[in-house]
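Take a look at the letters that make up each chain.
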Amino acid sequence: MSNAPVINGRRRFLTAATAVVGGVGVAGVAVPFIASWNPSARAKAAGAPVEVNVSKLEPGQLIRAKWRGKPVYVVRRTDKTINDLAKHDSQLKDPKSDEPQQPSYATNEYRSISPEFLVALGVCTHLGCAPTYHKGDFEEKVEGVTDGFYCPCHGSKFDMAGRVFQSVPAPLNLVIPEHSFPTEGTLLIGVGQGEA
Ligand code: FES
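Residues numbered from 1 in each chain as written. Predicted model: local features only at pLDDT ≥ 70, side-chain atom pairs only at ≥ 80, totals over all residues. Heavy atoms only, no water.

**Some remarks on the overall build of the protein chain**
- For the protein chain, the count of helices and strands is three helices and nine strands.
- Mapped from its N terminus to its C terminus, the protein chain presents α and β elements in the order α-α-β-β-β-α-β-β-β-β-β-β.
- The buried share among the 196 residues of the protein chain stands at 37%.
- Contacts in the protein chain between residues at least 24 apart in sequence constitute 55% of all its contacts with a sequence separation of at least 6.
- Put simply, the protein chain shows about 11,300 Å² of open surface, and 57% of that area lies on carbon and sulfur atoms. (Helix = DSSP H or I, 4+ residues; strand = E, 2+ residues; numbered from the N terminus. Buried < 20%, exposed > 50% of the residue type's maximum accessible area, 1.4 Å probe, protein only. Contact = heavy atoms within 4.5 Å. Areas by Shrake-Rupley, 256 points an atom, 1.4 Å probe, with all protein chains shown as cover.)

**Details of the environment of Gly185**
- Assignment of secondary structure puts Gly185 in the loop between strand E8 (179–183) and strand E9 (186–189).
- Spatially, the C-alpha atoms of Gly185 and Val52 are 8.4 Å apart, while their sequence positions differ by 133 residues.
- Those residues in contact with Gly185 that sit more than four places away from it in its chain are Val52, Asn53, Val54 and Ser55.

**Brief notes about the pattern of salt bridges**
- Considering all chains together, one arrives at six salt bridges under this definition.
- Between Asp84 and Lys80 there is a salt bridge, with the nearest N and O atoms lying 2.5 Å from each other. Separated by four residues within a single helix, Asp84 and Lys80 lie in helix H3 (residues 79–84), roughly one turn from each other.
- With a relative accessible area of 14%, Asp84 lands in the buried category.
- Between Asp89 and Arg163 there is a salt bridge; the shortest N-O distance is 3.3 Å. (Salt bridge = Lys/Arg side-chain N within 4 Å of Asp/Glu carboxyl O.)

**With respect to the state of the cysteines**
- Enumeration according to the criterion identifies one disulfide in this entry.
- Through a disulfide, Cys129 is tied to Cys153; the S-S separation comes to 1.9 Å. The sign of the -90 degrees torsion about the S-S bond sets the Cys129-Cys153 disulfide as left-handed. In this pair, Cys129 is assigned in the loop between strand E4 (117–121) and strand E5 (132–135) and Cys153 in the loop between strand E6 (147–150) and strand E7 (157–158), connecting sequence segments 24 residues apart.
- Judged by relative accessible area, Cys129 falls into the partly exposed class, the value being 21%.
- For Cys153, a relative accessible area of 39% gives the class partly exposed. (Disulfide = S-S within 2.5 Å.)

**Thoughts on the confidence of the model for the protein chain**
- Across the protein chain, the average pLDDT comes to 84, with 77% of residues at 70 or higher.
- Predicted confidence is poor over residues 1–37, with pLDDT under 50, and the contacts of this stretch with residues over four places away or in other chains come to zero contacts. (pLDDT = per-residue confidence, 0-100.)

**Topic: the sheet that holds E5**
- In spatial order, the strands read E5-E6-E7; together these three strands make up an open sheet with antiparallel pairing. Each edge of the sheet is formed by a strand with only one pairing partner; in this case those strands are E5 and E7.
- By the bridge criterion, four bridges tie E5 to E6 in an arrangement that is antiparallel. Bridging across to E6, His134 finds its partner in Gly148. (Pairing = 2+ DSSP bridges.)

**Description of the packing of aromatic side chains**
- Tallied over the full model, the rule gives four aromatic pairs.
- Between Phe117 and Phe181, the ring centres sit 5.6 Å apart and the planes meet at 35 degrees, which makes this aromatic pair tilted. Here Phe117, found in strand E4, pairs with Phe181, found in strand E8; they are 64 residues apart in sequence, far enough to count as distant.
- Phe117 gets classed as buried once you look at its relative accessible area, which sits at 8%.
- On the numbers, 6.2 Å between centres and 40 degrees between planes, the contact of Phe138 with Phe165 is tilted. With Phe138 in the loop between E5 and E6 and Phe165 in the loop between E7 and E8, the pair connects residues that are 27 residues apart, well separated along the chain.
- Residue Phe165 is classed as buried on the basis of its relative accessible area, which comes to 3%. (Phe/Tyr/Trp six-rings, centres within 6.5 Å; stacked < 30°, edge-to-face > 60°.)

Laid out in structure tokens, this is it:
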């Protein structure tokens, strides 16, 4: 009986040790679950909005941004380009943007928030090549249209609103990503108008 306290003490130690091991076991199960539930910092960054300074963009100039691993073309359209958009509807597959290739606030004749700025994915809707921008020499591709985009892979053609011309393999207009202008001269790609 003299060693009873020792036994009791050992029991208490074993009980405590079991509880700790049990706790570790639970944590060991919980950590992978939480890790798969939380997006990693890299994944978050990959989907993060991208800010572009468009204040210095000249009329007719194109700059490329990258959002979610895809190229985004940003063009400051000239007055002539803006006026010409209404002149070749009969040559287009989807002139009124009936297909959901753009957010609702860009479902208009310019496919954009502001007539001045085109913001479109630089990804051909045929098989994903990058169309090239033709400024002033697009008439070689489409008669009577001076500016546009030409996909060198299989010859698809798009106008300055990213609308696809008829008789080419690309089935749809270029995708217009969610975007907004939180301040004048600042374009935010990935956050829609009214969501910022
Ligand atoms: Fe552009 Fe085929 S990928 S025309």
